[in-house]
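Notes for the structure review
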Amino acid sequence: MARMPSAERRTQLVEAAIRAMTRDGVARTTTRSICSEAGVSLSVFHYCFDSKQALLEAAIETITGNYVSRVMSAVEPRATLRETVRAALQTYWDHVTAHPGEHMLTYDLTQYALREPGFEHLARAQYEQYVVSATALIEQVRVVRGVEPRVPVEVLARYLAAAIDGLTLQYLVLGDRQVADRQLDMTADQMVLLIGG
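First, a word on what this report is: a plain description of the structure on this page. (Residues numbered from 1 in each chain as written. Predicted model: local features only at pLDDT ≥ 70, side-chain atom pairs only at ≥ 80, totals over all residues. Heavy atoms only, no water.)

Helices and strands together make up the secondary structure of the protein chain, namely 9 helices and 0 strands. Reading the protein chain from its N terminus to its C terminus gives the helix and strand order α-α-α-α-α-α-α-α-α. The C-alpha atoms of the protein chain give 18 Å as radius of gyration, which agrees with the globular expectation for 197 residues (16 Å, within 12%). Sorting the 197 residues of the protein chain into buried and exposed places 43% on the buried side. (Helix = DSSP H or I, 4+ residues; strand = E, 2+ residues; numbered from the N terminus. Rg over C-alpha atoms; globule rule 2.2 N^0.38 Å. Buried < 20%, exposed > 50% of the residue type's maximum accessible area, 1.4 Å probe, protein only.)

Okay, structure coming up:
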């Protein structure tokens, strides 16, 4: 096995964990199966992570971080505030429709963390990360459009995180793209009203 810096090994294990959990579910994915997916020995896992809990936390941060990067790159000035907001939401949504398994994994991670003693804080951290992500998006829109929200950013971020979470789960269950598009339009309209400007 080629020597690799520990940061790269951690990334390798996190990506393998996301693939394995997306395919097999969180509860059925073991540290041994993650190592097999990554093509490394179990000792490499223990060198990089103290526990499966630490790996799950890193997986949640990675998934959410990827969403944030993707959406933030889409926030650029458009003709109107609504077009700016709607384009950012669409970037996230394109990923949902292209990679539904990864988004199902986020719900699986939440349920697993809530049911496993000692893991509850991971579910809270996951949802707080969603709020941090929504805050970053709102701040980016605010700066790009030069507007000040009509409600506190934290309140607006929690609303957006809850709305997107609900829309995502509904789409994963129903699979209706037309309904999802209409709901994204409504979400963009609501955000424009709340952001103002």
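Looking at the secondary structure, you find K52 in helix α4 (residues 52-74). Buried within the structure, K52 lacks any salt-bridge partner; E116 is the closest side chain of opposite charge, at an N-O distance of 7.8 Å. Ignoring sequence-local partners within four residues, the contact set of K52 consists of V26, T29, T31, F45 and Y112. (Lys, Arg positive; Asp, Glu negative; His and termini not counted. Salt bridge = Lys/Arg side-chain N within 4 Å of Asp/Glu carboxyl O. Contact = heavy atoms within 4.5 Å.)

On to the packing of helix α1 (residues 6-24) against helix α6 (residues 100-115), then. Two elements in contact, α1 and α6, have axes separated by 9 Å at closest approach and are oriented at 85 degrees. Between α1 and α6, the angle falls in the class roughly perpendicular. From α1, I18, M21 and T22 reach across to α6, where they touch G101, E102, L105 and L109. The residue makeup of the contact of α1 with α6, split by class, is 4 nonpolar, 2 polar and 1 charged. (Axes fitted to C-alpha atoms, helices over the stretch in contact; angles between N-to-C directions. Parallel < 35°, antiparallel > 145°, perpendicular 65-115°, else oblique. Nonpolar A, V, L, I, M, F, W, Y, C, P; charged D, E, K, R; others polar.)

Our next topic: the packing of α4 against α6. Interhelical geometry of α4 versus α6 gives an angle of 140 degrees and a closest axis separation of 11 Å. It follows from the interaxial angle that α4 and α6 lie oblique. Between α4 and α6 the crossing geometry is left-handed. Of the residues in α6, those in contact with K52, L56, I60, I63 and Y67 of α4 are E102, H103, L105, T106, L109 and Y112. (Left-handed = near helix turned anticlockwise from the far one by under 90°.)

All right, on to helix α2 (residues 31-38) then. Among the residues of α2, those classed as buried are I34, C35 and A38. Across the axial projection of α2, the buried residues extend over an arc of 100 degrees, all falling on one side. Turned more than 90 degrees off the buried face of α2, the exposed positions are R32 and S36. Of the surrounding elements, those touching the buried residues of α2 are α1, α3 (42-48) and α4. (Arc of directions from axis to C-beta.)

Under the defined criterion, the tally for this structure stands at 3 cavities of 30 Å³ or more. Its volume calculated, the largest cavity comes out at about 360 Å³. Every residue lining the largest cavity is counted, 20 residues in all, and those nearest its centre are Y67, Y92, Y130, S133 and I164. Among the elements of the structure, α4, α5 (81-98), α6, α7 (120-145) and α8 (153-174) are those that each provide at least two residues to the lining of the largest cavity. Residues that form the lining of the largest cavity fall into these classes: 14 nonpolar, 5 polar and 1 charged. (1 Å grid on protein atoms, 1.4 Å probe; cavity = no way out; pocket = protein on both sides within 12 Å on 5 of 7 lines; lining within 4 Å. Points joined across faces, edges and corners; volume = space filled by probe spheres on them.)

Time to look at the packing of aromatic side chains. Within this structure, the stated rule accounts for 5 aromatic pairs. Geometrically, the ring pair formed by Y92 and W93 is tilted, given 6.2 Å between the ring centres and 55 degrees between the ring planes. In this structure, Y92 and W93 share a single accessibility class: buried. In this structure an aromatic cluster arises from ring pairing among Y92, W93 and Y171. (Phe/Tyr/Trp six-rings, centres within 6.5 Å; stacked < 30°, edge-to-face > 60°.)

What follows deals with α7. An ideal rise of 1.5 Å per residue puts 38 Å on 26 residues; α7 measures up with 38 Å between its terminal C-alpha atoms. Within the sequence span of α7, burial applies to L122, A123, Q126, Y130, V131, S133, A134, L137, I138 and V141. Contact partners of the buried residues in α7: α4, α5, α6, α8 and α9 (177-195). (Expected span 1.5 Å × (residues − 1).)

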